[in-house]
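Residue-level listing of the chains:
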Amino acid sequence: MANSRYDLVVIGSGPGGYVAAIRARQLEMRVAVVECDRPGGVCLNWGCIPSKALLNSAETIESIRGAAQEHGIEVGEIRVDFPRVIARSRDAAEKLSRGVRYLFKKNHVDLYEARGELTGPHSVALKPAPDKPAPEVSMLEAEKILLATGSGERLFAGMQIGDGVMTSHEALIHDRIPKSIAVIGAGAVGLEFAYFYRAFGVEVTVIELEKQMLPGFDAEVAEELRRAFVKRGVKVMLGHGYKSMEKRGAQWSIALDAGGQPAAVEAEAVLVAVGRAPLSAALGLERAGVEIGRGGFITIDDSFRTSAPSIYAIGDVARTPLLAHKASAEGVAAVEIMAGIREPGFDLLSIAGCIYCEPEVATVGLTEAQARERGIDVKVGKIPFRAIGKAVAVNQTEGFVKLVASRQYSEVLGCQIIGHRATDMISEVVLGRALETTTAEIGKTPHPHPTLSEAIMEAALAAEDEAINY
Amino acid sequence: MSSEITMPKLSDTMEEGKIIHWLKHPGDSIRHGDAIAEVETDKADMVLESFDEGVLEEIRLPEGQSAPVGAVIAIMRKPGDQPGAAPNAAHEPEEPATAIPTAREPEEPVTAIPTAREPEEPMTAIPTAREHPAAAENGEHGNGLAAPPQFHPAMSANPSAAPTAIPMPPARVVHPEAQAPAPRQIESGEAAKLKASPLARRAAEEAGIDLSTVRGTGPDGRVTKRDIDNFLREQQMFRFRRLIAPHEGAPGSRETLSAMRKTIAHRMALSKREIPHFYVTVEIDMEEAVRFKNSLEATELFDEDVSYNDIIIKATALALSRFTRMNAAFENDGISIYPHINIGVAVAVEDGLIVPVIHECERKSLPDIARHAHRLVAKAAQGGFTAEELSGGTFTISNMGMLGIEHFSAVIVPGQAAILAVSAIKDRPLVRNGQIVIGKTMMVTVSCDHRVIDGVVAGRFLQEIKRFLENPASLLIG
């Protein structure tokens, strides 16, 4: 069988891989992408995009209910065709996956639908992928190789998927509404699905080992979100560690440990959302001399280079945070560093994290606690949305904006937003960080009125003790 | 994951470093920018600064011991990692540490202007006759240059060596005490359009840095906070402890060599072993040069006071441009003539000396040279040399005039073909128009590499210097 030679072979076509491949083409490299599933990776097919379609359905039904309760708009009985909710989400994923194929074609990126395995520092063997025809080419030769294989759902030992036990992957295509569901893990994925199911009237229990929802996030944000969930009728069990589960009749019974005290939760379905793990196994890493570090992540330097000088790695398979936009930005950076047009280094602190339940959560940079841990003298501006005219007008007064700045230079160290459309607002602060703005520029920039983003301006002013509206 | 802290390469001549003190100990947490250890290098004592965060897990190189550049000196654990994790064995070890120099004795005086009345004290600054009228009349004219008691031009870097690991922005010394913090930039007009992030502006304002002197590395040369941080680090990169009192050991004691002394020993021995030295001396009548210098001061033609040393540098540069073999190196059985005239000026510091370099003297007027020389001398006292200012020399001048020296000769810096030893201007009997008169003369001796230079060339070169110094008006034109 024929061999093919490339400047760059990218393994994985998720938001890291496909973006890197297109950027490499723009820099006139000959590029191939190897993908064993559908182009677009988890993000487009099994993550961001389909889940946001589902959450949009959830928000819609919440607003219809709100219409009846708060707007004086009479609504009849609300009936849900749940299979259509799921189908709409699959449509969105399908459309975008086709879009990635189109982008490859347009940019002359060769797509090989196979499982790629390293056989040396410059060679990738193509193995048949499940449900796909055997590849016509058996081996790709490459000057450089970029590993962008992403991550997969993590399970605790002894957990078995099926019979009502799901990860986000199964939940995205599970077209029956359970009566009750236990969500194990109060991270971003767990909370988005908890919100989604609750919106469709499911009895939801969220179980979390840590003492707060969204471990690692700002404690005030986590507490505000917990209250919003409880208000919506979600049962939140913090400080409860998972021990085991067994099926009793139609119900799953989950045994928990609350600091030595046993506890139990019964539910018809279980969603396991205890994190994701890098997909670094079965890639032939040893043969190519690529080392793996803690947690299975591929070890990289600040040029995204692995321990094999011709092999690079980006995205979830290389390091946290496991976020699509981080993978894309890293993909572009890695390719530009390879081409010699960019300095090594990447500012992970300017990567925003977003959670798309209601209220939304969006954060960037350091929290107040993290900044203090680093010994930085900080000042904090915090503005609740109820102080913002637009929020009152559109009846979205949940949440607040918290801006963390250094006292020395007023450097914007971080921002945490919880509230309606928080994820659309955070980019202002991300750009601000990229441009090294201080709270002075954000506070003195006239923000349009009435908008929710005025809260960011007011928070910047509050950090300087100059807030006008609060 | 743990990472290795390695001995960084801090100058082009550095081969090893010695830990003076560990400032952090195993179990201490380390933040970005924290000082981890004091390291002695061949050029200066530096503080090893962390680029990373974590916890110091293990010290591999004990205090007082040396290790070559690149050797692992400590292990740092990243935040949140478990103790005892294996060190990061990536093929390209991260460089979690950099270094900034430290003043081991911060109480040391850093004022720059010593007086000519204390000739026993080696000096690095240039006094003027106006400030010290006594010096002009007491028969022993200081040449104006502070000179070391002995000359070991070892610290001058080989011009052919690779550039140092230290980034080189077009640095300019900032005297924080002399420069009141500039008022906050007005956020309109051209000043506001100077490309710099708001954060960089604030940091620069606080540090008293003129933003236009900072090289920006952001998009389109935008100055970012990192550039300010690098600039400040650069400013402190080479801080030498200036020689205040001669460093002498107690009788019967044995001294371990400092890194600087080791380098001096190595390079001077190399020079005398490899280079066949010969020496040529000439006596120069300095009557006109003294008058010239006094009249420059009287007319205040230049902003900068011109010292004898500046005048000698200018005369030497002019002579070098005519006798290019003197500005050369013997390399690989060939003679390379340097494209530029970069004159190193030896300056004494504690336990050794350094040779800051005035680059491209062929393009510099006398006031230009004076300005550069004064700046370098101030830096020898206050710190802030850039790597470039300590490397690239093609010819060296050692001036011991301040010590009233009659005559001496110097050891050639490896990589150069000659060195000029300048002694004191003294009142000596002189024959003028058949009469014995008391005149002011100065001995200069050039040491030459005989593989490059023959006696005739050396003699003509000295005659050229003599001609310029005895007719100093020519120095204003060249």
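What you see is a predicted model, and the numbers here were worked out from it, not measured in a lab. (Residues numbered from 1 in each chain as written. Chains lettered and ligands numbered in written order. Predicted model: local features only at pLDDT ≥ 70, side-chain atom pairs only at ≥ 80, totals over all residues.)

## A closer look at the overall build of chain A
Counting its secondary structure elements, chain A contains 14 helices and 22 strands. Taking the intrachain contacts of chain A between residues at least 6 apart in sequence as the baseline, contacts between residues at least 24 apart amount to 63%. (Helix = DSSP H or I, 4+ residues; strand = E, 2+ residues; numbered from the N terminus. Contact = placed C-beta atoms within 7 Å.)

## Points about the overall build of chain B
Per the secondary structure count, chain B includes nine helices and 20 strands. Within the span of chain B, comprising 478 residues, buried residues form 47% of the whole. Look at the contacts in chain B between residues 6 or more apart in sequence, and 70% of them connect residues 24 or more apart. (Buried ≥ 20, exposed ≤ 12 C-beta atoms within 10 Å, placed from the backbone.)

## Some thoughts on the packing of helix α3 (residues 48-70) of chain A against helix α4 (residues 82-106) of chain A
All names here are of chain A. Following both chains from N to C, one finds α3 and α4 inclined at 145°, their axes separated by 8 Å at the closest point. Here α3 and α4 pass one another in a crossing that is right-handed. On α4, the residues touching I49, P50, A53, L54 and S57 of α3 are V85, R88, S89, R90, A92, A93 and L96. Across the contact of α3 with α4, the residue classes tally to eight nonpolar, two polar and two charged. (Axes fitted to C-alpha atoms, helices over the stretch in contact; angles between N-to-C directions. Left-handed = near helix turned anticlockwise from the far one by under 90°. Nonpolar A, V, L, I, M, F, W, Y, C, P; charged D, E, K, R; others polar.)

## Some points on the nonpolar core
One finds V9(A), L147(A), V183(A) and V270(A) to be the most contacted residues of the largest nonpolar core, which totals 147 residues. For this core, the element with the most residues is helix α6 (residues 188-199) of chain A, which contributes nine residues. Every residue in contact with V9(A), bar those within four places of it in the chain, is listed here: A32(A), V34(A), V124(A), L140(A), A142(A) and I145(A). If you look at the next biggest cluster of nonpolar residues, it comprises 75 residues, including I341(B), I354(B), A387(B) and A458(B). (Core = buried A, V, L, I, M, F, W, Y, C linked by C-beta atoms within 7 Å.)

## Things to note about α6(A)
All names here are of chain A. The terminal C-alpha atoms of α6, which comprises 12 residues, lie 17 Å apart, in line with the 16 Å expected from a rise of 1.5 Å per residue. For α6, a buried count of 12 out of 12 residues is recorded, marking the element as mostly surrounded by other parts of the structure. Regarding α6, the residues found buried are A188, V189, G190, L191, E192, F193, A194, Y195, F196, Y197, R198 and A199. In the segment just after α6, G201 is the residue with positive phi, at about 85°. (Expected span 1.5 Å × (residues − 1).)

## Quick word on the packing of helix α1 (residues 17-26) of chain A against helix α9 (residues 324-338) of chain A
Residues and elements named next belong to chain A. At a minimum axis distance of 8 Å, the contact between α1 and α9 shows a crossing angle of 35°. In terms of crossing hand, the pair formed by α1 and α9 is right-handed. When α1 is examined against α9, the residues G17, V19, A20, R23 and A24 are found in contact with a partner set consisting of S328, G331, V332, A334 and V335. Here the residues of the contact of α1 with α9 are counted per class, giving six nonpolar, three polar and one charged.

## Structural notes on the sheet that holds strand β12 (residues 241-248) of chain A
Backbone-to-backbone hydrogen bonds join strands into a sheet, with any given pair of strands oriented parallel or antiparallel. All names here are of chain A. Across the sheet, three strands lie side by side as β12-β13-β14; this open sheet has antiparallel pairing. The open sheet is flanked by β12 and β14 (261-267), the only strands paired with a single partner. Strand after strand, the sheet turns through a mean of 20° between neighbouring axes, direction not considered. (Pairing = 2+ DSSP bridges.)

## Brief notes about the pairing of strand β19 (residues 418-432) of chain B
All names here are of chain B. Summarising the sheet, strand β18 (residues 395-399) and β19 pair through four bridges and their orientation is parallel. For N399, the partnering residue across the bridge sits in β19 and is V422. Of the pairings in the sheet, the one linking β19 to strand β20 (residues 435-449) comprises 13 bridges and is antiparallel in character. Note that in β20 the partner of R428 across the bridge is G439. Between β19 and β20, which pair antiparallel in sequence order, lie two residues; one of them, N433, sits at a positive phi of approximately 50°.

## So, unusual backbone geometry
All names here are of chain A. Cis peptide bonds are those with omega within 30 degrees of zero, and the linkage from E358 to P359 qualifies with -5°. Locating P359 in the fold gives a position in the loop between β18 (353-355) and β19 (360-365). In this model, H449 is joined to P450 through a cis peptide bond whose omega is -5°. You can see P450 is positioned in the loop between α13 (439-444) and α14 (454-463).

## What about the sheet that holds strand β1 (residues 2-6) of chain B?
All names here are of chain B. Sheet architecture is open: four strands sit in the order β1-β8-β6-β3, paired in antiparallel fashion. Where the open sheet ends on each side, the last strands, each with one partner, are β1 and β3 (29-30). As defined by bridge partners, strand β6 (residues 54-59) adjoins strand β8 (residues 72-77) across four bridges and the pair is classed as antiparallel. Each bridged residue has a counterpart across the sheet, and for E58 the counterpart in β8 is I75.

## Details of the confidence of the model for chain B
All names here are of chain B. Looking at chain B, the pLDDT average stands at 73 and 68% of residues meet or exceed 70. The low-confidence segment residues 84-192 (pLDDT under 50) makes 283 contacts with residues lying over four places distant or belonging to another chain. Segment residues 236-246 is flagged for pLDDT under 50; beyond a separation of four residues in sequence, or across chains, it makes 41 contacts in the model. (pLDDT = per-residue confidence, 0-100.)

## Some points on α14(A)
All names here are of chain A. Of all the 10 residues making up α14, 10 are buried; the element is thus mostly covered by neighbouring parts of the structure. Taken residue by residue, α14 has E454, A455, I456, M457, E458, A459, A460, L461, A462 and A463 as its buried positions. Against the buried residues of α14 lie β20 (378-384), β21 (400-406), α12 (422-434) and α13. A positive backbone phi angle near 60° is found at D465, which sits one or two residues after α14.

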